[in-house]
Amino acid sequence: MEMNQVRYFVALCETLNFTKAAEACGVAQPSLTKAIQKLEEELGGPLFVRERTLTHLSDLGRLMRPHLEAVFHASESAKLEARSFNTLEKGRVRLGVMCTIGPTRLVGFLKRFRTALPSVEVALRDAPGREVLALLMEGELDCALLGLPDLPERVEARPLYQERYTVAFAPGHRFEAMDVVPLAELDQEDYLNRVNCEYPQHFDALGIPDPADVRVCYESEREDWIQAMILAGLGCAVMPEFLPMLPGIATRPLIEPELSRTVSLASVAGRRHSPALREFMALARRYDWGGTAQTAAA
């Protein structure tokens, strides 16, 4: 069964006239008649009763009509969806975001993208960095914001911006008197461990040991819990400088060594991009990511 046969059948059901049906479909009447005959052969009987002045559906035609009309309308809907998809009247981008990347830099870009392509939905999914990377590789995500020190060869990463690592602490802490904090100064400090923090991986990538031996008091996957405990004076924590902080938390850049990460927009090489994803990636390349820079909290 071919779609043109279904289309001709539906038109003939509506007109009950071979000439009018052929005109509606933009074909010659013999072509339409031949297509209907082939359809009848496939379905095993006449679909229409042909009379000199009147054509009407046969019993088999009435039985087949709802099924073939459903096929026709589903085909038309599919074509419409495809046109909308390819002309960016409708689309979806599945964006993974490493959970330690704060929204500060991203929201300006998302606002710009919404202005440019208001009909395209962006579905955000945040998770630890390695989990986001795995979802990207498995095809569950179209692209991802990652700040990992090493990525597989198949991943194409376009750097967007850099951010330093800082130490966050409560007012009155001894670090408050310093402009910068050598990492060794964290030795034996009460520490709040951010479970999803990837900064130890940067030491591994550099091939050097972490110079500080901290006293871990608490650990949590949730940034709000860690920051609440910092404000309560329960310890300090290493955090990326653009992560939104609760009011009152102070930060200082870490040095010796100074560690930073590059946040990149990653996709899988060789994987076909939808029109919506192509526009998303193109706008990300043009966007001024440095224009929303923040300074570390004083």
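Residues numbered from 1 in each chain as written. Predicted model: local features only at pLDDT ≥ 70, side-chain atom pairs only at ≥ 80, totals over all residues. Heavy atoms only, no water.

Going by the annotation in an unreviewed UniProt entry, the name recorded for the protein is LysR family transcriptional regulator, with Nitrospirillum amazonense given as the source organism. According to the UniProt record, the Sequence similarities (unreviewed entry) comment for the protein reads "Belongs to the LysR transcriptional regulatory family." (UniProt positions renumbered as here; feature names shortened; annotations may be inferred.)

1. Concerning the pairing of strand 11 (residues 250–255)
Where burial is concerned, most of strand 11 is hidden: six out of the six residues are buried. When strand 6 (residues 155–169) meets strand 11, the two strands line up antiparallel, connected through four bridges. Residue V167 lies in a different strand from strand 11, and its bridge partner there is R252. In this structure, strand 7 (residues 181–182) lies alongside strand 11, joined through two bridges in parallel fashion. Bridge assignment links V181 to a residue of strand 11, and that residue is L254. (Buried < 20%, exposed > 50% of the residue type's maximum accessible area, 1.4 Å probe, protein only. Helix = DSSP H or I, 4+ residues; strand = E, 2+ residues; numbered from the N terminus. Pairing = 2+ DSSP bridges.)

2. Comments concerning the domain arrangement of the protein
Once the domains are mapped, the protein shows domain 1 (3–86), domain 2 (92–161 + 261–286) and domain 3 (163–260). On a C-alpha basis, the centroid separation for the pair domain 1 and domain 3 is 71 Å. (Domains from an automatic or database assignment.)

3. Let's talk about the packing of helix 2 (residues 18–25) against helix 3 (residues 29–43)
Put simply, helix 2 and helix 3 touch, their axes get as near as 9 Å, and they point 105 degrees apart. Judged by the inter-axis angle, helix 2 sits roughly perpendicular to helix 3. Here F18, T19, A21, A22 and C25 of helix 2 lie close against helix 3, whose contacting residues are Q29, L32 and T33. In the contact of helix 2 with helix 3, the residues fall into five nonpolar, three polar and no charged. (Axes fitted to C-alpha atoms, helices over the stretch in contact; angles between N-to-C directions. Parallel < 35°, antiparallel > 145°, perpendicular 65-115°, else oblique. Contact = heavy atoms within 4.5 Å. Nonpolar A, V, L, I, M, F, W, Y, C, P; charged D, E, K, R; others polar.)

4. Here's the deal with the layout of surface pockets
Space inside the largest pocket adds up to approximately 170 Å³. Every residue lining the largest pocket is listed: V97, M98, C99, I101, G102, P103, L106, V107, L110, L124, R125 and D126. Elements represented by at least two residues in the lining of the largest pocket include exactly strand 3 (91–98), helix 5 (104–116) and strand 4 (120–127). (1 Å grid on protein atoms, 1.4 Å probe; cavity = no way out; pocket = protein on both sides within 12 Å on 5 of 7 lines; lining within 4 Å. Points joined across faces, edges and corners; volume = space filled by probe spheres on them.)

5. What to know about helix 2
Residues of helix 2 that are buried include every one of F18, A21, A22 and C25, and no others. Here the buried residues of helix 2 occupy an arc of 100 degrees about the axis, which is enough to place them on one side. Turned more than 90 degrees from where helix 2 packs its buried face, K20, E23 and A24 sit exposed. With a side-chain oxygen lying 2.9 Å from the backbone nitrogen of T19, the N-terminal cap of helix 2 falls on N17. At the exit of helix 2 stands G26, carrying a positive phi of roughly 70 degrees. (Arc of directions from axis to C-beta. Polar contact = N/O pair within 3.5 Å; in protein donor to acceptor, adjacent residues only side chain to side chain.)

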